[in-house]
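Survey of secondary and tertiary structure
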Amino acid sequence: MPPRDPETVTFMSLLDKDPHDRLEQVEQEIVGLQPEDLISRGLDALTKGDSLYALVCLERAARDISTPELLSNLGFCLAKERAQFERAIELCSKAIEQQPASTTFYLNLGRVHLMTGNKKLAIETYQEGLRHGDDPRIREDLQLMGIRRRPLLKKLDREHPLNRSLGYLLRKRPPKK
């Protein structure tokens, strides 16, 4: 039998774990922590990609305090881990109402919209966030989505032969020196 590569072994060991066991483990780890510590741990876990740990920490902290940062990140975690999209959109929108200049809140709301399958609303949310400041994470998400430029002749449909031809010609020409 050929030896297994480390990635396969790690993946297989993840399949053996019951998510409920992990949830209990996280709950035990955070018992007795102050809300500020819970938020700090939750945000740290979120940056590392552990949205389950972040969700547990942020939910526990939300019992005692409410900040726009907490609401926005909790909303994202609820959407990702529990598919509670309506509640997630509500929390992210409330965070934006309280602190409209934070691009991170638009990033979270845009990602929630993507999870619901509403790409158009996600793009609008991202673009609104970029109006409040440049955020490389929003730009990266937009790039990954394959955002197209506006049609050259705005009065004509994107698929009109003139828009398509002009777009093709301008895309193929050499850059100006």
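As shown above, the structure is provided for reference.
This section reports on the structure supplied with the text. Please read these numbers as outputs of a predicted model, since none were measured by experiment. (Residues numbered from 1 in each chain as written. Predicted model: local features only at pLDDT ≥ 70, side-chain atom pairs only at ≥ 80, totals over all residues. Heavy atoms only, no water.)

**Here we look at the environment of Leu55**
Mapped onto the secondary structure, Leu55 falls in helix α4 (residues 51-62). Among the residues examined, Leu55 registers a relative accessible area of 2% and is labelled buried. Those residues in contact with Leu55 that sit more than four places away from it in its chain are Leu74, Cys77, Leu78, Glu81 and Arg82. (Helix = DSSP H or I, 4+ residues; strand = E, 2+ residues; numbered from the N terminus. Buried < 20%, exposed > 50% of the residue type's maximum accessible area, 1.4 Å probe, protein only. Contact = heavy atoms within 4.5 Å.)

**A word on the layout of surface pockets**
Roughly 520 Å³ of internal volume is contained in the largest pocket. Lining the largest pocket are 13 residues, with Arg158, Asn163, Gly167, Tyr168 and Arg171 sitting closest to its centre. Residue composition of the lining of the largest pocket, by class: four nonpolar, two polar and seven charged. (1 Å grid on protein atoms, 1.4 Å probe; cavity = no way out; pocket = protein on both sides within 12 Å on 5 of 7 lines; lining within 4 Å. Points joined across faces, edges and corners; volume = space filled by probe spheres on them. Nonpolar A, V, L, I, M, F, W, Y, C, P; charged D, E, K, R; others polar.)

**Considerations on the side chain of Asn108**
Here Asn108 shows up in helix α7 (residues 103-116). Residue classification places Asn108 among the buried positions, given a relative accessible area of 5%. In this structure, Asn108 is in contact with Ser72, Asn73, Phe76 and Cys92, ignoring residues within four places of it in sequence.

**Description of helix α8 (residues 119-131)**
In a regular helix each residue adds 1.5 Å, so 13 residues correspond to 18 Å; α8 covers 18 Å between its end C-alpha atoms and thus fits that length. Burial in α8 covers these residues: Ala122, Ile123, Thr125, Tyr126, Gly129 and Leu130. Buried residues in α8, looked at end-on, bunch into an arc of 165°, giving them a common side. In α8, those exposed residues whose orientation departs by more than 90 degrees from the buried face are Lys120 and Arg131. Residues of α8 that are buried sit in contact with α7 and α9 (136-145). Directly after α8, the chain includes Gly133, whose backbone phi takes a positive value near 155°. (Expected span 1.5 Å × (residues − 1). Arc of directions from axis to C-beta.)

**Some points on a nonpolar patch on the surface**
Residues Leu152, Leu153, Leu162, Leu166 and Leu170 make up a contiguous nonpolar surface patch of about 390 Å² in total accessible area. Here Leu153 is to be found in the loop between α9 and α10 (161-172). On the basis of relative accessible area, Leu153 is assigned to the partly exposed category, the value being 31%. (Patch = residues over 30% accessible without salt bridge, like charges linked within 9 Å, V, L, I, M, F, W, Y side chains within 5 Å. Areas by Shrake-Rupley, 256 points an atom, 1.4 Å probe, with all protein chains shown as cover. Salt bridge = Lys/Arg side-chain N within 4 Å of Asp/Glu carboxyl O.)

**Details of the packing of α7 against α8**
Interhelical geometry of α7 versus α8 gives an angle of 175° and a closest axis separation of 8 Å. Relative to α8, α7 is oriented roughly antiparallel. In this structure, α7 uses Thr103, Tyr106, Leu107, Leu109, Gly110, Arg111, His113 and Leu114 to contact α8, whose residues at the interface are Lys119, Leu121, Ala122, Thr125, Tyr126, Glu128 and Gly129. Class assignment of the residues belonging to the contact of α7 with α8 gives a composition of seven nonpolar, five polar and three charged. (Axes fitted to C-alpha atoms, helices over the stretch in contact; angles between N-to-C directions. Parallel < 35°, antiparallel > 145°, perpendicular 65-115°, else oblique.)

**Observations concerning the nonpolar core**
One broad trend across soluble globular proteins is that nonpolar side chains are buried collectively. Counting residues in each nonpolar core, the largest one holds 36 residues, and the members touching the most others are Ile30, Tyr53, Leu74, Cys77, Tyr126, Ile138 and Leu142. For this core, the secondary-structure elements that each account for two or more residues are α2 (19-30), α3 (35-47), α4, α5 (68-82), α6 (85-98), α7, α8 and α9. Once residues within four sequence positions are removed from consideration, Tyr53 is found in contact with Arg22, Val26, Glu29, Ile30, Arg41 and Ala45. (Core = buried A, V, L, I, M, F, W, Y, C linked by side-chain atoms within 4.5 Å.)

**Considerations on unusual backbone geometry**
Non-glycine residue Ala83 carries a positive phi angle of around 55°. With respect to the helices and strands, the residue Ala83 is situated in the loop between α5 and α6.

**What to know about the packing of α3 against α4**
Running from N to C, α3 and α4 cross one another at 160°; their axes reach a closest spacing of 8 Å. One way to sum up the angle between α3 and α4 is to call them roughly antiparallel. Helix-helix and strand crossings are classified by hand; for α3 and α4 the assignment is left-handed. Residues Pro35, Leu38, Ile39, Arg41, Gly42, Ala45 and Leu46 of α3 touch α4, and the partners they reach there are Ser51, Tyr53, Ala54, Cys57, Leu58, Arg60 and Ala61. For the contact of α3 with α4, a count of residues per class yields 10 nonpolar, two polar and two charged. (Left-handed = near helix turned anticlockwise from the far one by under 90°.)

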